[in-house]
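Descriptive analysis of the structure
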Amino acid sequence: MNNKIRLFTPGPVTMSTRMLAIGASQLPYNRTEQFSQITFEIIKDLKYIFGTRGNVVIFTASGTGAMEAVIFNFLDKSDKVLIVNGGTFGQRWVDICIQHAIPFEQINLNPGQPISLKDLDHKLSSQEYSTLLINAHETSTGMIYDTKAIGELTQKYGVFFVVDAISTICADIFMMDEWHVDVSLLSSQKALALPPGLSFLALNKKARLRLETKTCQSYYFDIKVYLANQSRGQMPFTPVIGHYMMLHERLREIRLRGIDFFVSRHSTLAEYFRKGMKRLPFNFFSTNPSNALTAMSCPKDIDAFDLVKRLADDYNCFVAPNGGNLKHKVFRVSHLGEQNETDIDFLINALEDILNNYQQTKNHIIMEKENY
Ligand SMILES: *Cc1c(COP(=O)(O)O)cnc(C)c1O
């Protein structure tokens, strides 16, 4: 048993020793001028990584909280929403709309397959939908969509465009304003490599005006209240202060090196993993994989769920299982957080070991049968 824990999961991810040290420090009091200053710097840097001149609000909640905040603040029963559903996270938009009785329709994709822009153009041209909800990257399959091209369509038809970019920003290129995205989301435990618990909602001017036309259906997630408080560097409720201190430092690192550096590092790790996996009998599951994650489908006689468990039990190496129909077929490997090529080699060697063991067990069974 190797003691070093290796996380190849899409959150939480391995954090740097620098972040861990900040996380272990005493918290400052937040109703102070210094804390306001920190908040201003955080907001400025968040705008930079979203690629927006609009505004960003900060929630103490995991990413799903920010998703629900979209519905509370920007949608009501007078809307008709179109949802791209290509997996677990597309389904989450569906579930939240059902929960709040928002009228919607969905485009169901086969997992790991792209959106047909022609079909989408056709649907949006009907002028039937006020809003389009997508995930830039469907983290359950590793499929990254062409948000830029989709943004051209929503722009053409004047459809309000909301993008969950939670597992995209910092791992893959994302340019909110240039791509005509009205609202986009991010959370802390993906490519930012921070603990879970913070999420961010960026909104442009169009979204801000839209806020005025709706009554927020939540007390805790009222964006107008966040905007008012943030304008003086404060949060309406006690924030996760320790995470703020980590976020502040992490965003500073990203600003100093430039976001392109981080995107290309994720791309390098993803390529390295994919190249290394070519010697093993797995297949790549999605047609257009992100830099954030690779979903692998297993050969017929290998159970993906069992493989995931063995990696954890015998190698202290964590990859993500899938749910539903894909549970026994697919597993996912993230390229997020503090991991390097040596860690990836370790994972691929572990996978190879496990496959060899399966083969030996199988041969053994065959031999026993023959001897019988
Ligand atoms: C991780 C993730 C979320 C948020 O999940 P939480 O568990 O609430 O943090 C939402 N959308 C996508 C695409 C994600 O990858």
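This is a predicted model, so every value here is computed, not measured. (Residues numbered from 1 in each chain as written. Predicted model: local features only at pLDDT ≥ 70, side-chain atom pairs only at ≥ 80, totals over all residues. Heavy atoms only, no water.)

1. Let's talk about the overall build of the chain
This is how it is decided: Numbering of helices and strands starts at the N terminus; helices are DSSP runs of H or I of at least 4 residues and strands are runs of E of at least 2. Here the globule rule is a power law, 2.2 Å times the number of residues to the power 0.38, and the radius of gyration is based on C-alpha atoms. Buried, partly exposed and exposed residues are distinguished by accessible area as a fraction of the type maximum, computed with a 1.4 Å probe on protein chains only: under 20%, between the cut-offs, and over 50%, respectively. A contact between two residues is defined here by any heavy atoms of the two lying within 4.5 Å. Note on areas: Shrake-Rupley with a 1.4 Å probe; residue coverage comes only from the protein chains shown. In this tally, Lys and Arg are treated as positive and Asp and Glu as negative; His is ignored, and so are the chain termini. Taken as the charge location is NZ of Lys, CZ of Arg, CG of Asp or CD of Glu.
Helix and strand counts for the chain stand at 12 helices and 15 strands. In terms of overall dimensions, the chain is globule-like: its C-alpha atoms have a radius of gyration of 22 Å, near the 21 Å expected for 372 residues. A principal-axis box enclosing the C-alpha atoms of the chain has dimensions of 80 × 55 × 35 Å. Taken over 372 residues, the chain has a buried fraction of 55%. Within the chain, counting contacts between residues at least 6 apart in sequence, those at least 24 apart form 72% of the total. Surface summary for the chain: the accessible area is close to 16800 Å², and the carbon and sulfur share equals 52%. Distance from the positive charge centre (39 side chains) to the negative charge centre (38 side chains) of the chain: 3 Å.

2. Remarks on unusual backbone geometry
Of note, the amide linkage connecting G11 to P12 takes the cis form, showing an omega dihedral of -5°. Structurally, the position occupied by P12 is in the loop between β1 (6-7) and α1 (17-23). In the Ramachandran plot, C170 falls in the positive-phi region, its phi being about 85° despite a non-glycine side chain. Within the fold, C170 resides in the loop between β8 (160-164) and β9 (183-187).

3. So, the confidence of the model for the chain
Definition in use: pLDDT runs from 0 to 100 and stands for how confident the predictor is about each residue.
Residue-level pLDDT values for the chain average 96, and 99% of them are 70 or greater. Looking across the chain, the model is least confident in helix α12 (residues 341-371), with a mean pLDDT of 89, and most confident in β8, with 99.

4. With respect to the sheet that holds strand β14 (residues 320-321)
Cut-off, in case you're wondering: For two strands to be treated as a pair, DSSP must find at least two bridges joining them. Here the axes come from fitting lines to C-alpha atoms, over the contacting stretch only for helices, and the angles between their N-to-C directions go from 0 to 180 degrees.
Across the sheet, 4 strands lie side by side as β11-β12-β15-β14; this open sheet has antiparallel pairing. Of all the strands in the sheet, just β11 (283-284) and β14 have a single pairing partner and so form its edges. Taken together, the 2 bridges between β14 and strand β15 (residues 330-334) define a ladder with antiparallel strand orientation. Opposite P321, over in β15, you have F331 as the bridge partner. Set on the sheet, helix α10 (residues 259-277) makes contact with β11, β12 (293-297) and β15; between it and β12 the angle comes to about 20°. Across the sheet, helix α11 (residues 304-315) touches β14 and β15, and the angle it forms with β15 is around 40°.

5. With respect to the pairing of strand β3 (residues 81-85)
The condition that has to hold: Whether a crossover is right-handed comes down to one check: with the strands pointing away from the viewer, does the path from the first strand over the helix to the second run clockwise; if it does, it is right-handed.
With 5 of 5 residues buried, β3 lies mostly within the body of the structure. Residue alternation in β3 divides its side chains into two sets, V81, I83 and N85 and L82 and V84, and both sets are buried. Relative to strand β4 (residues 104-108), β3 is paired through 5 bridges, and the arrangement is parallel. Each residue of the ladder has a partner; that of L82, found in β4, is E105. Following the chain from β3 across helix α4 (residues 88-99) to the adjacent parallel β4, one finds a crossover that is right-handed. With 3 bridges connecting them, β3 and strand β5 (residues 131-135) associate as parallel partners. Residue pairing across strands places L82 opposite L132, the latter belonging to β5.

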